[in-house]
Amino acid sequence: MPVGINNKIAVFLGPSCTIEEARSILPEAEYLPPATRGSIYGIINDGYRMIVLLDGLFYGHYSVWHKELLFALDCGIDVIGAASMGALRAAELDREGLIGVGQIYRWYRDGEIDGDDEVALLHQSSEGAYAALSIPLANLRWNLGLARKEGLIGEQQEARILRHAKALCFQDRMMDVILSPLAEELDVSALQKWLETHGEDLKKRDCFEALRFAAIRIATLGSAQPPRLRAYETVHTLIGIEYFTHERLNAICAKSEGQAMPLSHYTKQVAVGDSPYRGYLRARACQRLINGWARELHLEITPERIPPQWLPDRFDLAHRRATGLTLIDIAREGREAAFTAGVIGSLSTPASRGLVSDIDRQLAEAGFWARGAGAEIARLDGRLVYTLWHLGHEKGILPDEHEDADTAEAELHYLEWVYRAGLKHFGYIFDAGIEILLAHQIANRLEDILGSRAAS
């Protein structure tokens, strides 16, 4: 089982049932308010082994994002969805491993319903215990089916009521308004009374089913799977993933001593131009382009072993909570470091050794070899510079004025040209603030970022 993962369960719950009802089924869970955008990211380092998504907000809030649910799954956390927002997201992501439970989920999965508004309702705030103020369309659909089976309405009447209800805004779905099309055909008040006394709260029923399922499943869960890295989970990617990255920076927090600080707070405080970072940032830029260009060139690379600094047992839950470093970050960086080492090894030749030594000497003379911030992650050395130059020439990426001579001076000049041009010039992302944040996350010294800012 990965370091720091335990059997804690988080349940996102709002109007679908009361906390008291939920606790009677699953007392060991921690109950959280309805999920919004960032809620899953926000608890990713809290040690949960399972997340049960029942309710989520969307009106006036960004709804919980598919990418963060995938992120939780990829971190080895079981995710169950049911009843409301959870049923909708489960139907959208069940092929990715999110487990759907309940009738509403099955309706979505089988295409019998497809609208987000099927589970939408107006409800009170947390002060009012999220009490429902309107009728969810899914509940109405279920109960009209019961009324039809009892002979209280016919199929055409059922269809007309549903069409009328569907045309209403979810906030306006009150029973008297919903049944108004039948006012001249039957005793609407009697039908309404029957629905209120004999109808079922389908969302609540699905809630209970999901909680019972979670109680059984948590007791039988084996070891969590190792973190899974998706195609877009790479720090050496082409432009297009900045949005994912910044969503995480805003939602994932460093948590210690009862305080939680979004990682974006630290990146805003980073003094990017500080000299201790100049060698580290150039080394990271080299790694970014080396890995990206090697993949673009379709080189056959055998990655080296993951370096010791990226082995997951180095980072227990306390470290990850305090720094916002996630299991995905650790796995991604380890994979990329191993790939960089493989590229360097594949291009190293006996003839290049003297040149690499000459580059190392000049870097040392220029102060780049000092073991400053981030040196544990990436140290600027001759092998990186030589490999960058070699791949850049292979791709035909050259400055307007360049030297063909294979010399230390020419290759160091090439590195500086690439770095100052900026990696976006070559189609790659490079955020110096995020790179510096990572260096401090690894060292578990985020306070140094704030301290250096205050000192400056």
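Computed from a predicted model, the values in this text were never measured in an experiment.

Asker: I'd like a description of the state of the cysteines, backed by residues and values.
Answerer: Considering all chains together, one arrives at zero disulfides under this definition. The structure places no disulfide on C17, whose sulfur is separated from the nearest cysteine sulfur, that of C207, by 4.1 Å. Looking at C207, the relative accessible area reads 0%, which means it is buried.

Asker: Summarise the pairing of strand β4 (residues 78-82); cite the residues concerned and give the values.
Answerer: In terms of residue burial, β4 counts as a mostly covered element, since five of its five residues are buried. Of the two faces of β4, the one lined by D78, I80 and A82 and the one lined by V79 and G81 are each fully buried. Of the strand pairs in this sheet, strand β3 (residues 48-53) and β4 are connected by four bridges, and their pairing is parallel. For V52, the partnering residue across the bridge sits in β4 and is I80. Handedness of the β3-helix α3 (residues 66-74)-β4 crossover: right-handed. Bridge count between β4 and strand β5 (residues 99-101): three bridges; the pairing is parallel. Residue pairing for β5: A82 is matched across the bridge by V101. Taken together, β4, helix α4 (residues 85-93) and β5 form a β-α-β motif whose crossover is right-handed.

Asker: Go over the packing of helix α5 (residues 103-110) against helix α6 (residues 137-149) with me, naming the residues and quoting the values.
Answerer: Running from N to C, α5 and α6 cross one another at 95°; their axes reach a closest spacing of 11 Å. With respect to α6, the axis of α5 lies roughly perpendicular. For the pair α5 and α6, contact is made by Q103, I104 and W107 and by A138, R141 and W142, respectively. Of the residues belonging to the contact of α5 with α6, the class tally is four nonpolar, one polar and one charged.

Asker: Before we move on, can you summarise α3 with the specific residues and values?
Answerer: Where burial is concerned, most of α3 is hidden: seven out of the nine residues are buried. Along α3, the residues that are buried comprise E68, L69, L70, F71, A72, L73 and D74. Phi turns positive one or two residues past the end of α3, at G76, with a value near 90°.

Asker: Lay out helix α19 (residues 432-443) with the relevant residues and their values.
Answerer: Helix length check: α19, at 12 residues, gives a terminal C-alpha distance of 17 Å against a target of 16 Å (1.5 Å per residue), a fit within 8%. Most of α19 is tucked away: 10 of the 12 residues are buried. Of the positions making up α19, those classed as buried are A432, G433, E435, I436, L437, L438, A439, H440, Q441 and I442. The N-terminus of α19 is capped by D431, whose side-chain oxygen sits 2.9 Å from the backbone nitrogen of G433. Note on α19: the residue one or two positions beyond its end, N444, has a positive phi of about 55°.

Asker: Tell me about the pairing of strand β6 (residues 253-256), and please be specific about residues and values.
Answerer: Here four bridges tie β6 to strand β7 (residues 259-262), and the two strands are oriented antiparallel to one another. Paired with K255 across the bridge in β7 is A260.

Asker: Now, about unusual backbone geometry: what can you tell me, with residues and values included?
Answerer: Phi angles above zero are rare outside glycine, and A83 is one such case at about 75°. By secondary structure assignment, the location of A83 is in the loop between β4 and α4. Residue classification places A83 among the buried positions, given a relative accessible area of 0%. At N444, a position not held by glycine, the phi torsion is positive, near 55°. In this structure, N444 sits in the loop between α19 and α20 (447-455).

Asker: Quick rundown of the packing of α4 against α5? Include the residues and the values.
Answerer: As a packed pair, α4 and α5 sit with axes 8 Å apart at the nearest point and diverge in direction by 35°. The two elements α4 and α5 cross, and the hand of that crossing is right-handed. Of the residues in α5, those touching α4 at A87, L88, A90 and A91 are I104, Y105, Y108 and R109. In terms of residue class, the contact of α4 with α5 is built from seven nonpolar, no polar and one charged.

Cut-offs used in this document
- Residue indices follow the written sequence of each chain, beginning from 1 at its first position.
- Residue-level local features of this predicted model are given only where pLDDT is at least 70; pairs of side-chain atoms are given and counted only at 80 or more, and the full residue set underlies all totals for whole chains, interfaces and linings.
- Water and hydrogen atoms play no part in the side-chain values, which are based on all heavy atoms of the structure.
- Counting rule for disulfides: a pair of cysteine sulfur atoms within 2.5 Å.
- Partly exposed describes any residue whose relative accessible area lies between the buried limit of under 20% and the exposed limit of over 50%, with all areas from a 1.4 Å probe on protein chains only and scaled to the type maximum.
- Helix and strand assignments come from DSSP, with helices taken as H or I runs of at least 4 residues and strands as E runs of at least 2, each series counted from the N terminus.
- Strands are labelled as partners when DSSP assigns at least two bridges between them.
- A clockwise path from the first strand over the helix to the second, with the strands pointing away from the viewer, defines a right-handed crossover.
- Geometry is summarised by axes, namely lines fitted to C-alpha atoms with helices restricted to the contacting stretch, and by angles between N-to-C directions that run from 0 to 180 degrees.
- Angle categories are assigned with fixed cut-offs, so that under 35 degrees is roughly parallel, over 145 is roughly antiparallel, 65 to 115 is roughly perpendicular, and the rest are oblique.
- Only heavy atoms matter for contacts: two residues are in contact if any of them lie within 4.5 Å across the pair.
- Under this grouping Gly is polar, as are all residues other than the nonpolar Ala, Val, Leu, Ile, Met, Phe, Trp, Tyr, Cys and Pro and the charged Asp, Glu, Lys and Arg.
- In a helix, the anticipated span is given by 1.5 Å times the number of residues less one.
- Throughout this description, a polar contact denotes any pair of N or O atoms lying within 3.5 Å of each other; where both atoms belong to protein, one of them has to be capable of donating a hydrogen while the other can accept it, and for residues adjacent in sequence the pair is counted only when both atoms sit in side chains.
- Handedness of each helix crossing follows the sense of rotation of the near helix against the far helix: counterclockwise by less than a right angle gives left-handed, clockwise gives right-handed.

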